[in-house]
Amino acid sequence: MAEYVGLEADDNDNCDDPGYDSLDIFINRLFFFETIPQQTKDLEPEMVYYQKTPARAVFDLVESSHLTTADVFVDIGSGLGQVAFLVHLLAGITARGIEFDPAFCDYTRACAAELHLSHVTFINRDARQADYSEGTVFFMFTPFRGAMLREVLALLQRESLRRRIKIITYGPCTAEVTGQSWLERLTPEEDSCYKSAFFRSL
Ligand SMILES: C[S@@+](CC[C@H](N)C(=O)[O-])C[C@H]1O[C@@H](n2cnc3c(N)ncnc32)[C@H](O)[C@@H]1O
């Protein structure tokens, strides 16, 4: 990837900075409608407001996670859909998003229709009530914290009893996921939480 877009995602050592750069400006122009929706539902205390994963981290994720056409990628807390769209376009696999805010979901569905991307779909649901039975690779850019995060991790653990799954995290939720005994962390622990961390179920 560095050959095409310069600096590697791993070059960011700053935990206060999610790591946006010129690749984000390029991707913004490529994909999305000019009018970005506002959040319409009040978030519960442990829910995290919308902030997108830097495009470079998504490129890094696709390059490092050995996705196959049998994989189904799920972005938990999919916001405006950039991660699901990029993963589908870069890896050619089915991608889903689960998002709490209906306005974000309407927007991402409209983007998918506009781009004729029928293998990228979005479900407007609280992640605690979502169906994870199809997914094999789950992504979280800290959509929630605390008990809510642990509740969703317990749902994923249940899925892992049926098939091996992978989880990729970005941001502060990585620490909680690292502590899960049913997961093996595949990437070394880092000083910055703004480096993708890869896990697989045991
Ligand atoms: C940090 S943003 C990440 C957005 C997206 N994954 C990306 O990287 O571009 C967190 C998202 O999670 C959503 N969210 C928060 N709590 C949620 C829940 N319980 N169920 C589903 N989505 C939730 C928020 O509305 C927000 O869009």
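Located above this text is the structure these notes cover.
Scoring rules and cut-offs
- Residues numbered from 1 in each chain as written.
- Predicted model: local features only at pLDDT ≥ 70, side-chain atom pairs only at ≥ 80, totals over all residues.
- Heavy atoms only, no water.
- Near = heavy atom within 4 Å.
- Polar contact = N/O pair within 3.5 Å; in protein donor to acceptor, adjacent residues only side chain to side chain.
- Areas by Shrake-Rupley, 256 points an atom, 1.4 Å probe, with all protein chains shown as cover.
- Nonpolar A, V, L, I, M, F, W, Y, C, P; charged D, E, K, R; others polar.
- Core = buried A, V, L, I, M, F, W, Y, C linked by side-chain atoms within 4.5 Å.
- Buried < 20%, exposed > 50% of the residue type's maximum accessible area, 1.4 Å probe, protein only.
- Helix = DSSP H or I, 4+ residues; strand = E, 2+ residues; numbered from the N terminus.
- Contact = heavy atoms within 4.5 Å.

A. Fine view of the site of the ligand. Close to the ligand lie 23 residues; T53, D75, G77, E99 and A127 are nearest. Here a nitrogen atom of the ligand and a backbone polar atom of G77 are 2.7 Å apart. Computed on the free molecule, the ligand has an accessible area of 600 Å², of which 100% lies beneath the protein chains in the complex. Partitioning the shell around the ligand into residue classes produces 12 nonpolar, 6 polar and 5 charged.

B. The arrangement of the nonpolar core in detail. I27, L61, F73, F85, L86, V87 and F139 are the most contacted members of the largest nonpolar core, which has 35 residues in total. Residue assignment for this core shows that the elements contributing at least two residues are α2 (22–31), α3 (55–64), α4 (82–91), α5 (102–114), β3 (120–124), β4 (137–141) and β5 (166–170). By residue number, the principal contributor to this core is α3, which donates 6 residues. Grouped together as the second largest cluster of nonpolar side chains are 26 residues, A127, F138, L156 and C173 included.

C. Main features of the side chain of H88. Relative to the helices and strands, H88 is located in helix α4. The class of H88 is buried, set by a relative accessible area of 12%. Apart from the residues within four sequence positions on either side, H88 is in contact with I93, T94, A95, L117, H119 and V120.

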